[in-house]
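So the chains spell out like this:
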Amino acid sequence: MNIDGLMEKFGGNGISFEDYHGFPAVRMENEFSSTLVSVYGGHVIEFKLPECEDILWMSGKSLFANGSPMRGGVPVCFPWFGAAPEGKSGSHGCVRNAMWEVSAAGIAPEGGNFVTLYFKGEDFELYYTVTANYTLTLSLEVNNLGVADFHFGGALHTYFNVSDAEKIAIEGLHGVSFLDTVINENGIQDGALKIDREIDRMFRSCGSVRIVDPGYKRVIHIDKYGSDSTVVWNPWIDKSKRMPDFGDDEYHTMVCVEAGKVPRIGDGGVVHSGVPFELRQVIRVELLD
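Residues numbered from 1 in each chain as written. Predicted model: local features only at pLDDT ≥ 70, side-chain atom pairs only at ≥ 80, totals over all residues. Heavy atoms only, no water.

Colleague: How do you make sense of the side chain of asparagine 30 when you look at a structure like this?
Modeller: For asparagine 30, the location among the structural elements is in the loop between strand 2 (23–29) and strand 3 (34–38). Separated by 3.0 Å, the side chain of asparagine 30 and the backbone oxygen of alanine 132 make a polar contact. Not counting chain neighbours up to four residues away, the residues in contact with asparagine 30 comprise Gly112, Asn113, Ala132 and Asn133. (Helix = DSSP H or I, 4+ residues; strand = E, 2+ residues; numbered from the N terminus. Polar contact = N/O pair within 3.5 Å; in protein donor to acceptor, adjacent residues only side chain to side chain. Contact = heavy atoms within 4.5 Å.)

The structure is reproduced here in structure tokens:
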């Protein structure tokens with residue numbers, strides 16, 4: 001459906017549609033926030049609060065082309081996380097590189113707006129509801145279309161905008177075990193996590209995480225449900241230079257903190273026939289004096 005058709009069917013009450021680098025996107029504008037979601041990839045692009053620096057980060061080098069994922073915002077990684085399984089191709093699954101459908105949009109019961117996007121795979125279907133008010137709630141519902149159990153990996157791969165990656169602190173992971181995929185070693189987090197090198201850690205944690213950012217005078221709270229994996233990523237210097245869709249110096253201004261289901265650390269997702277599974281992430285901002 002084109003933008004005019006989407007606007008006719010779903011527009012109004014804070015919902016509008018626009019072109020985003022050649023793809024249709026839904027804009028949710030209300031008294032609390034402004035949010036942009038691309039129908040391509042089911043990809044959240046923006047979440048903005050009044051008198052506050054952008055919450056989400058997008059790379060100035062991101063690709064915008066059919067078959068390619070966007071770099072930044074919140075890509076949906078599904079039905080695998082990381083390298084493709086045997087017989088498949090592409091990292092982090094196929095849904096972030098495909099067009100979704102708009103299923104519903106309007107005023108959220110709790111205030112603000114919502115949009116629900118739909119994607120159907122061979123043996124699964126997804127309903128992804130993005131609700132934007134003073135918080136950003138991302139709810140990914142997975143349905144098994146088969147009889148046998150459906151196994152998956154995935155993540156809500158959230159890129160956060162920060163003032164200076166070296167000066168932030170990521171709290172809530174003290175004492176949690178992790179796999180450091182940069183050096184392929186296990187460890188236990190001691191204190192707050194600091195970004196002073198390439199970081200790619202998969203934590204076995206179901207708890208909430210906080211990004212304390214003194215430069216932007218705020219704390220970003222990340223709560224989650226249906227996830228026992230938290231992934232933290234920053235490519236740092238060398239890897240940034242190797243990625244064509246990532247600026248050489250952009251690592252200073254971002255960090256990924258992701259709610260996931262990561263089989264590699266024993267947290268693979270299982271969806272029984274007829275029983276939906278939900279992966280949910282809630283992002284809220286606390287301003288500091």
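Here the narrative resumes.
Colleague: Could you clarify how one ought to interpret the pairing of strand 8 (residues 124–132) in this entry?
Modeller: Both faces of the sheet carry side chains from a regular strand, because those side chains alternate between them. In terms of burial, strand 8 is a largely internal element, seven of the nine residues being buried. Bridge count for strand 8 against strand 9 (residues 135–144) is nine bridges, and the pairing is antiparallel. Bridge assignment links threonine 131 to a residue of strand 9, and that residue is threonine 137. Where strand 8 folds back onto strand 9 in an antiparallel hairpin, the turn is made up of two residues. (Buried < 20%, exposed > 50% of the residue type's maximum accessible area, 1.4 Å probe, protein only. Pairing = 2+ DSSP bridges.)

Colleague: Please explain the sheet that holds strand 22 (residues 277–287) as it appears in this structure.
Modeller: Within a sheet, adjacent strands bond to each other through the backbone by hydrogen bonds, running parallel or antiparallel. Overall, antiparallel pairing links the eight strands, which are arranged 6-7-8-9-22-18-17-13 in an open sheet. Only two strands of the sheet have a single neighbouring strand rather than two, namely strand 6 (101–107) and strand 13 (169–171). Going from strand to strand, the sheet's axes swing by 15° on average, the running direction of each strand aside. As paired elements, strand 13 and strand 17 (residues 209–213) share three bridges and run antiparallel to each other. Note on strand 17: the bridge partner recorded for isoleucine 170 is isoleucine 211. (Axes fitted to C-alpha atoms, helices over the stretch in contact; angles between N-to-C directions.)

Colleague: When you look at the packing of aromatic side chains in this model, what are you seeing that I'm missing?
Modeller: Where two aromatic rings form a pair, the distance of their centres and the angle of their planes describe that pair. Scanning all chains against the criterion turns up 20 aromatic pairs. Where phenylalanine 78 meets phenylalanine 152, the ring centres are 5.0 Å apart and the plane angle is 40°; that geometry is what we call tilted. One end of the pair, phenylalanine 78, is in the loop between strand 5 (76–77) and strand 6; the other, phenylalanine 152, is in strand 10 (residues 150–152), with 74 residues separating them in the sequence. An aromatic cluster is built from Phe78, Trp100, Phe119, Phe124, Tyr128, Phe150, Phe152 and Phe277, whose rings are joined through pairwise contacts. (Phe/Tyr/Trp six-rings, centres within 6.5 Å; stacked < 30°, edge-to-face > 60°.)

Colleague: Can you walk me through unusual backbone geometry in this structure?
Modeller: Going from phenylalanine 78 to proline 79, the amide bond is cis rather than trans, its omega being 5°. Tracing the chain through its elements places proline 79 in the loop between strand 5 and strand 6. Despite not being glycine, histidine 92 has its phi angle at roughly 65°, a positive value.

Colleague: For this particular structure, what's the right way to read the environment of arginine 204?
Modeller: Along the chain, arginine 204 falls in the loop between strand 16 (199–203) and strand 17. For arginine 204, a relative accessible area of 39% puts it in the partly exposed group. Sequence spacing of arginine 204 and phenylalanine 178 is 26 residues, and the spatial spacing of their C-alpha atoms is 6.1 Å. Setting aside residues no more than four positions away along its own chain, arginine 204 makes contact with Val176, Ser177, Asp228, Ile265, Gly266 and Asp267. Here the side chain of arginine 204 touches glycine 266 through a polar contact of 3.2 Å, landing on its backbone oxygen.

Colleague: For this particular structure, what's the right way to read the sheet that holds strand 3?
Modeller: Read across the sheet, four strands follow the order 1-2-3-4 without closing on themselves; strand pairing throughout is antiparallel. Looking along the sheet, the strands with just one partner apiece sit at the ends: strand 1 (15–20) and strand 4 (43–48). Across the sheet, the mean angle separating the axes of adjacent strands is 25° when strand polarity is ignored. Pairing geometry for strand 1 and strand 2, over six bridges, is antiparallel. From the neighbouring strand, isoleucine 15 faces strand 2, where its bridge partner is methionine 28.

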